[in-house]
Amino acid sequence: MLNLDWLLLLSGVGIFLWGMSMVEASLTKLASGKLHYYIGTWTNTTLSAVITGALCTALIQSSSLLTLIVLALASSKLLNLKQAVGVIFGANLGTTATGWLVTLLGFKISLGDIAIYIIGVSALARLFFRNRSQYGLTLSLIISIGLILFSLDLIKNSTLGLSETIDINASGTAVPFAFFITGIALATLFQSSSAVMIMTLSAANAGLINLESAISVVIGADLGTTSTAALGSINGAKIKKQLALTHFSFNFVIAFIGLFVLLPQVNNVLDWLNWHDPLLPIVTFHSLNNALGTLLFSLSIKPFVAFVSKRFGEQRNTIESRFSLIPLDAPAVALKQLSDEGKHFLLAVAKFNQRGLKQNRNYASEYLQLKKTEGVFIDTCQKLSKQVINDQQTNDIYSLLSAIRDGTYSAKALKDIAPDLEVMDIQNQLNKTNIVPLFTLTKAFYDEQQVHLGINADDSSQDMQETAEEFYHTFRSTQETLFSSEVSQDLPIEQVSTLLNINKQLYTSSKYFISALNSINLVVKESSHEN
């Protein structure tokens, strides 16, 4: 017959895992934008990258969320591999904060009664703010914290009950390596080293396992959590596999050091320190082992990054592979990446338009590629729209979609006059005379935009008002000139018609491109203001 204490333990672990998943989901939407900004800003050196990773993970209690943001920044070239690796090292150190919080609070005072009030009041308030997503997410975060506090009491009480029915001497005869394997298995099963840490501390507090066994489980749990990143990188991009290798390498090395070098010395050190608390040695060992690993890897970060950078072949930089790296469940981060992709798309449009003006023969296939990118962009934005948490993010999505649509219109306008530009007499009129000034003006405009939207260009937005007015007045004056009797008498009527069409399409192309730039700049300004 199933012991009720085991059922209570399983219930506590289940509630804890559910609470942690809710915390991560809420923080992903609420705080990912800020974390994106801080990680991208505060990681210029290895030390600052490690400290940033440790502090962010300790505050949000989610190394998975931090890894997601680091991956997004690295894939967008906003973090290089060395900076990303430094943050991952720090994140491993930051995860040790969970054990300290549980040891200093969870087992010293009863939080179950307080947690019930936190959950109840927040759940009631959540009903009134269900149509306001930002407030709703904040209340969901508070509810999830209450669930975690409540689960700690369940786990603690269940292990105290189990201590009365389980013989500690039976488990104490097992070698530490067996408990190490148990830690790996539990962390792989639960996908959370924090859950395993709490279960281990609870078992140690109740006297179910001895100190060496508890530490072995914790060491194994750190290595077991690397399975999440490893599985997620199987069909992922090169950077994703490199970061998964970094995570595994770090935890494998500290597991070896902890299990075979430090663990045999624990009892001697405790006798010297004269510690009698059953929990402090576990969390202290966990923190020191991770700190030692962080120090060793940080000191050798250059050769380690050189090693990792040579692993895994370079994949084709396809549209689908780039967009697959966008974390849709983190709207602020996703919008930043989509904004970068929007600029990349407009750069491609500017190059397409410039080649079209020079009578490049591959314009048809290049236009189809632009249309394909537009389709992937629209599909991604539709998926992201289901994850947004405020009106501003919704407006940003609409602005990005408008930019992509207007960019495609701009390319189409020049594609449609390609046959007109190939006529020899028209080429002579355009090149040898200034009968359509927009032709020269448009060429210069797209040259300028290729520089501005290039990789090394300044990220500041452009004021396009004067440019738009110049194009409009040039278009109108050229139209009037072509309609005048002096010009129509000197040219065949079919050439006048063709020049009028070219003039109109040049203006249409530039008008839509300027509109696209304004939409992109609007998103960039709002993002900068939020940060």
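Summary of the structure given here.

Quick notes on the rules
Residues numbered from 1 in each chain as written. Predicted model: local features only at pLDDT ≥ 70, side-chain atom pairs only at ≥ 80, totals over all residues. Heavy atoms only, no water. Salt bridge = Lys/Arg side-chain N within 4 Å of Asp/Glu carboxyl O. Helix = DSSP H or I, 4+ residues; strand = E, 2+ residues; numbered from the N terminus. Buried < 20%, exposed > 50% of the residue type's maximum accessible area, 1.4 Å probe, protein only. Phe/Tyr/Trp six-rings, centres within 6.5 Å; stacked < 30°, edge-to-face > 60°. Lys NZ or Arg CZ within 6 Å of the ring centre and 35° of its normal. Patch = residues over 30% accessible without salt bridge, like charges linked within 9 Å, V, L, I, M, F, W, Y side chains within 5 Å. Areas by Shrake-Rupley, 256 points an atom, 1.4 Å probe, with all protein chains shown as cover. Expected span 1.5 Å × (residues − 1). Arc of directions from axis to C-beta. Axes fitted to C-alpha atoms, helices over the stretch in contact; angles between N-to-C directions. Left-handed = near helix turned anticlockwise from the far one by under 90°. Contact = heavy atoms within 4.5 Å. Nonpolar A, V, L, I, M, F, W, Y, C, P; charged D, E, K, R; others polar. Parallel < 35°, antiparallel > 145°, perpendicular 65-115°, else oblique. Core = buried A, V, L, I, M, F, W, Y, C linked by side-chain atoms within 4.5 Å.

**Overview of the pattern of salt bridges**
For the structure on display, the rule yields seven salt bridges. In this structure, the salt-bridge partner of aspartate 340 is lysine 336, at a minimum N-O distance of 3.0 Å. A residue pair is termed a helical-turn pair when its members lie 3 or 4 positions apart in one helix, as aspartate 340 and lysine 336 do in helix H19 (residues 331-357) at four residues. Assessed through its relative accessible area of 21%, aspartate 340 is described here as partly exposed. What emerges from the salt-bridge pattern is a single network uniting Lys371, Glu374 and Arg405.

**Focus on the side chain of threonine 380**
In this structure, threonine 380 sits in helix H20 (residues 363-384). Given a relative accessible area of 7%, threonine 380 falls into the buried group.

**Focus on the packing of aromatic side chains**
Considering all chains together, one arrives at 17 aromatic pairs under this definition. Each ring, one from phenylalanine 89 and one from phenylalanine 297, has its centre 5.3 Å from the other, and the planes form 55 degrees; the classification is tilted. Of this pair, phenylalanine 89 sits in helix H5 (residues 81-94) while phenylalanine 297 sits in helix H16 (residues 280-299), and the two are 208 residues apart along the sequence. Of the two residues, phenylalanine 89 and phenylalanine 297, neither departs from the other in class, the shared state being buried. Relative to phenylalanine 377, the ring of phenylalanine 323 lies with its centre 5.7 Å away and its plane at 75 degrees, an arrangement referred to as edge-to-face. With a gap of 54 residues between them, phenylalanine 323 in helix H18 (residues 319-324) and phenylalanine 377 in helix H20 connect regions that are remote in the sequence. Phenylalanine 377 carries the same exposure label as phenylalanine 323, and that label is buried. Members of the aromatic cluster, connected to one another through ring pairs, are Phe89, Phe250, Phe297 and Phe304. Here the guanidinium or amino end of lysine 511 rests over the ring plane of tyrosine 512, the centre of that ring lying 5.3 Å away.

**Some points on a nonpolar patch on the surface**
A cluster of nonpolar side chains, Val175, Phe177, Ile181, Phe256, Phe260 and Val261, forms an exposed patch at the surface whose accessible area comes to about 580 Å². Only helix H10 (176-190) and helix H14 (238-262) provide two or more residues apiece to the nonpolar patch. When residues of the nonpolar patch are assigned to their parent elements, the largest contribution, three residues, is made by H14. Tracing the chain through its elements places valine 175 in the loop between helix H9 (168-172) and H10. Accessibility expressed as a relative area gives 51% for valine 175, which makes it exposed.

**Description of helix H11 (residues 193-205)**
The end-to-end C-alpha separation of H11 is 18 Å, in line with the 18 Å expected for 13 residues at 1.5 Å each. Of all 13 residues making up H11, 12 are buried, and the element is well covered by its neighbours. Just beyond H11, the residue with positive phi is glycine 207, at close to 80 degrees.

**Here we look at helix H25 (residues 465-483)**
The end-to-end C-alpha distance of H25 is 27 Å, a good match for the 27 Å that 19 residues give at a rise of 1.5 Å each. Listed as buried for H25 are Phe471, Thr474, Phe475, Thr478 and Leu482. Looking down the long axis of H25, one finds its buried residues gathered within 105 degrees of arc, a one-sided arrangement. Along H25, exposed side chains directed more than 90 degrees from the buried face belong to Glu466, His473, Glu480 and Phe483.

**Digging into the packing of H19 against helix H24 (residues 437-452)**
Viewed as axis vectors pointing N to C, H19 and H24 meet at an angle of 145 degrees, and their least axial separation amounts to 9 Å. Our pair here, H19 against H24, has a crossing hand that is left-handed. Residues Leu347, Ala350, Lys351, Asn353, Gln354 and Leu357 of H19 pack against Phe439, Thr442, Lys443, Tyr446, Asp447, Gln449 and Gln450 of H24. For the contact of H19 with H24, a count of residues per class yields five nonpolar, five polar and three charged.

**Section: the packing of H11 against helix H12 (residues 211-224)**
It is at 9 Å that the axes of H11 and H12 come closest, and there the two elements cross at 175 degrees. It follows from the interaxial angle that H11 and H12 lie roughly antiparallel. Between H11 and H12, the residues in contact are Ser193, Val196, Met197, Thr200 and Ala204 and Ala214, Val217, Val218, Ala221 and Asp222, respectively. Here the residues of the contact of H11 with H12 are counted per class, giving seven nonpolar, two polar and one charged.

**A word on the nonpolar core**
Within the largest apolar cluster, 51 residues are counted, with the highest numbers of intra-cluster contacts made by Leu338, Leu346, Phe445, Leu506 and Phe513. Broken down by secondary-structure element, the contributors of at least two residues to this core are H18, H19, H20, helix H21 (391-415), H24, H25 and helix H27 (493-530). Per-element tally for this core: the top contributor is H27, with 12 residues. Sequence-distant contacts of phenylalanine 513, that is, excluding residues within four places in its chain, are made with Leu346, Val349, Ala350, Asn353, Ser410, Phe445, Tyr446, Gln449 and Leu453. In terms of nonpolar packing, the next biggest core, distinct from the first, is built from 43 residues, Leu27, Leu141, Leu211 and Val283 among them.

**A look at the environment of leucine 47**
Examined against the element boundaries, leucine 47 turns out to sit in helix H3 (residues 46-60). Classification of leucine 47 by relative accessible area gives exposed; the value is 59%.

**What to know about the environment of leucine 68**
Tracing the backbone through its elements, the reader meets leucine 68 in helix H4 (residues 63-75). Along the sequence, leucine 68 and proline 327 sit 259 residues apart, while their C-alpha atoms lie 7.3 Å from each other. When near neighbours in sequence (up to four residues on either side) are disregarded, leucine 68 contacts Pro327, Asp329 and Ala330.

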